[in-house]
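# Structural overview
Here is how the chains run, residue by residue.
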Amino acid sequence: MKKQQNRQKFLAAMFDFDGTLTERTPRSPVPRSLIKTLEDLSKIVPLALCTARPFRTAYPKMQSCFGEKFEKMGWVLIVENGCAGFELNGRGKWVEFYRVKWPEKSINKAKLTRTIKKKLKEFIGHNGEDFQYNESSLIMQPSYENADNSGNASNDEIAKRCDVLEKGIKGVLKKFAGANKIKVKNSKLGIIIIPKIADKDTGIEKFGEYLKKNRKMKFSAKYREIITVGDQPEKGGNDEMFLNGRIGTPFTAGEILKLKKYPLGVYKNKKRLIGPSATEHLLKTVKFC
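Below: a short report on this structure. (Residues numbered from 1 in each chain as written. Predicted model: local features only at pLDDT ≥ 70, side-chain atom pairs only at ≥ 80, totals over all residues. Heavy atoms only, no water.)

## Focus on the sheet that holds strand E3 (residues 47–50)
Where we set the bar: By this definition, two strands are paired if DSSP reports at least two bridges between them. Runs of H or I in DSSP of at least four residues are treated as helices and runs of E of at least two as strands, each being numbered from the N terminus. Axis lines are fitted to C-alpha atoms, over the contacting stretch for helices. Their N-to-C directions set the angle, which ranges from 0 to 180 degrees.
One open sheet holds the seven strands; their spatial order is E6-E5-E4-E3-E2-E11-E12, and the pairing between them is mixed. Strands with a single pairing partner mark the edges of an open sheet, and in this sheet they are strand E6 (94–99) and strand E12 (249–252). Neighbour to neighbour, the strand axes of the sheet diverge by 20 degrees on average, direction disregarded. Taken together, the four bridges between strand E11 (residues 226–230) and E12 define a ladder with parallel strand orientation. Each bridged residue has a counterpart across the sheet, and for valine 229 the counterpart in E12 is phenylalanine 251.

Structure follows, in structure tokens:
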């Protein structure tokens, strides 16, 4: 049983979104009680979102969750699974403060996109956002049509379709000489392809560097004073690098790995919690300074 490290005092917090701030279902809301907890926490320590979403969808998502208070909470947005970071500057504008570029010289993103769409057309959804061509990443969601009478799919069915799509993408990549410069991540809600040199642990480092530079904060070499919370630490999971403990102090609101020091679980009266209830309980029981 890997319990919370209550002796550690934290200076900042970073969160995955789906399955961590919400339940693991499409369009699931952030619970009102967790929104209030995060609003209160934002008055004490800096907060960051670390998501696979690009900025153009991550920002309105967070705005819709927190409303007009969001702009005053001091969030930093780490997007495209750690490929880029955005801050709200003193003039009220969101600006990019780092970017990991797509390895275009090794693998042409437009050609890869055309090939995936041609070879895997039946496995990719057909809505406007089901295939996202971003600056540093490609994001795609599987087709959910005809999953049931309402056109929706269960979590298990979505996960299975993501696995099929992931397998197909990896098959396509075998035909590309520069495939070793990118990697495929499966969130069980969708697939993201990113540069191999970037991931959510990059986001933790960049967030720490940002806080040292802009807020004159001091951290240990591995940024253990930054708490990170996600829900998919398993190999190949979307939070594998976010929660493996290389950097930051990670907690899981989802899967827990046996025989691994990290990520730590969240417990209440010896019962392990998952999802947003785990995140909220954790934030109320660990120490921030």
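## Some remarks on helix H6 (residues 275–285)
What counts here: For every residue, the accessible area (1.4 Å probe, protein chains only) is compared with the maximum for its type, and the residue is labelled buried under 20%, exposed over 50%, or partly exposed between those bounds. Contact between two residues is taken to exist if any of their heavy atoms lie within 4.5 Å; hydrogens are not considered.
Counting buried positions along H6 gives eight out of eleven residues, so the element sits mostly inside the fold. Among the residues making up H6, those that are buried are Gly275, Pro276, Ala278, Thr279, Glu280, His281, Leu282 and Leu283. Considering only its buried residues, H6 is in contact with strand E2 (12–15), helix H1 (32–41), E11, E12, strand E13 (267–268) and strand E15 (287–288).

## Let's talk about the nonpolar core
Our working rule: Definition of nonpolar core: a set of buried residues of the types Ala, Val, Leu, Ile, Met, Phe, Trp, Tyr and Cys, connected through side-chain atoms within 4.5 Å.
Counting 40 residues, the largest nonpolar core has Phe15, Leu38, Phe66, Trp75, Leu77, Ile227 and Phe288 as its most contacted members. Elements supplying a minimum of two residues to this core: E2, H1, E3, helix H2 (55–66), strand E4 (76–79), strand E5 (84–88), E11 and H6. If one sorts the elements of this core by residue count, H2 sits on top with six residues. Among residues more than four places away in sequence, those in contact with phenylalanine 288 are Phe10, Ala12, Ala13, Leu41, Ile44, Val45, Ile227 and Leu283. Listed in part, the 26 residues of the second largest apolar core include Leu11, Leu211, Phe219 and Ile247.

Scope: geometric values only; no functional claims are made or implied.
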